[in-house]
Amino acid sequence: IRKYQFSWTTSLSIRRDEQRWLDMSRKPRWITKVRSSIVDAIQSEVPEKDVCVLLSGGGDSSVVGFACHYLGKNVTAVSYELKGHPNVDCEQAKQTATIMGWKFVKVIVPTNDPSGWFKRLVLDYGCELKTEVEVLYPFIFLANRIKQLGFDKVLTGFSSPLPDDRKGTILART
């Protein structure tokens, strides 16, 4: 697996990974099957030409973006950061989107007095755990911005088992 993981350290490596993603003749059979499954799922579930991808800069959401790109879809990549707190994931998402020629939208999530939103997540949406509230809080603003962009669907990766080579994520993604 490590031989075929994506490298995010330079724009050249992303371009090389895109070429590897597109060249099926050099892939082991299991990678071909995984890629075909992802592409087929997107093709059958998302017929729209214009798509929105929640892009974190990690491997799983990037693979979703690559699959959409392969299918000739116009990708709008959306990521976020907390106001006043730039983060490496959002910056990596922007770099990936720029290199791939995708539109990039950064959502700035406000940090001043989120208690009203936290109460709403608990009372209106049934969040019971502190971690649910913390994780879902940014998605209030992401969902609003995605609607403003005209999308009613959004694609995202989901907990990739493949580590990428950003410092710290190998330990975080187990």
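Quick note: structure is the one above.
Thresholds, definitions, all that
- Every chain begins its residue count from 1, and numbering advances along the sequence as written.
- Thresholds applied to this predicted model are a pLDDT of at least 70 for local features of residues and 80 or more for the giving and counting of side-chain atom pairs; totals over whole chains, interfaces and linings are not thresholded and use all residues.
- Working from all heavy atoms in the structure, the side-chain values ignore hydrogens and water.
- By nonpolar core we mean a set of buried residues, namely Ala, Val, Leu, Ile, Met, Phe, Trp, Tyr and Cys, connected to one another through side-chain atoms within 4.5 Å.
- Only protein chains enter the accessibility calculation, which uses a 1.4 Å probe; a residue whose area is less than 20% of its type maximum is buried, one above 50% is exposed, and one in between is partly exposed.
- The helix and strand labels rest on DSSP assignments: H or I over at least four residues marks a helix, E over at least two residues marks a strand, and numbering proceeds from the N terminus.
- Contact between two residues is taken to exist if any of their heavy atoms lie within 4.5 Å; hydrogens are not considered.
- The span one expects for a helix is its residue count, reduced by one, times 1.5 Å.
- Polar contact criterion, stated in full: a pair of N or O atoms within 3.5 Å, where within protein one must be able to donate a hydrogen and the other to accept it, and residues adjacent in sequence count only if both atoms are side-chain atoms.
- Within the patch definition used here, like charges are joined within 9 Å and nonpolar side chains (Val, Leu, Ile, Met, Phe, Trp, Tyr) within 5 Å, considering only residues with over 30% relative accessible area and no salt bridge.
- The Shrake-Rupley method, run with a 1.4 Å probe, gives the accessible areas here. Residue values count only the displayed protein chains as cover.
- Any carboxyl oxygen of Asp or Glu that lies within 4 Å of a side-chain nitrogen of Lys or Arg is treated as forming a salt bridge with it.

### Thoughts on the nonpolar core
By size, the foremost hydrophobic cluster in this structure holds 19 residues, and its most contacted members are Cys 68, Trp 102 and Leu 155. Those elements giving two or more residues to this core turn out to be helix H2 (29–45), strand E1 (50–54), helix H3 (59–70), strand E2 (74–82) and helix H4 (88–100). Once you skip the residues sitting within four places of it in the chain, Leu 155 turns out to touch Val 46, Val 51, Cys 52, Val 53, Leu 54, Val 64 and Cys 68.

### Looking at unusual backbone geometry
Apart from glycine, the bulk of residues carry a negative phi angle, and the bulk of peptide bonds sit in the trans form. Its identity is not glycine, yet Asp 113 carries a phi of approximately 50°, on the positive side. With respect to the element layout, Asp 113 can be found in the loop between strand E3 (103–109) and helix H5 (115–123). On the accessibility criterion, Asp 113 (61% relative accessible area) is exposed.

### Points about H4
For H4, spanning 13 residues, the distance from its first C-alpha to its last is 18 Å, which sits close to the expected 18 Å at 1.5 Å a residue. Residues of H4 that are buried: Cys 90, Gln 92, Ala 93, Thr 96, Ala 97, Ile 99 and Met 100. Regarding H4, its N-cap is Asn 87, as a side-chain oxygen of that residue lies 3.0 Å from the backbone nitrogen of Asp 89 further along.

### Points about a nonpolar patch on the surface
On the surface, Val 135, Leu 136 and Phe 139 cluster together into a nonpolar patch covering about 240 Å² of accessible area. With respect to the secondary-structure elements, Phe 139 resides in helix H6 (residues 130–148). Taking the relative accessible area as the measure of exposure, Phe 139 reaches 34% and is therefore partly exposed.

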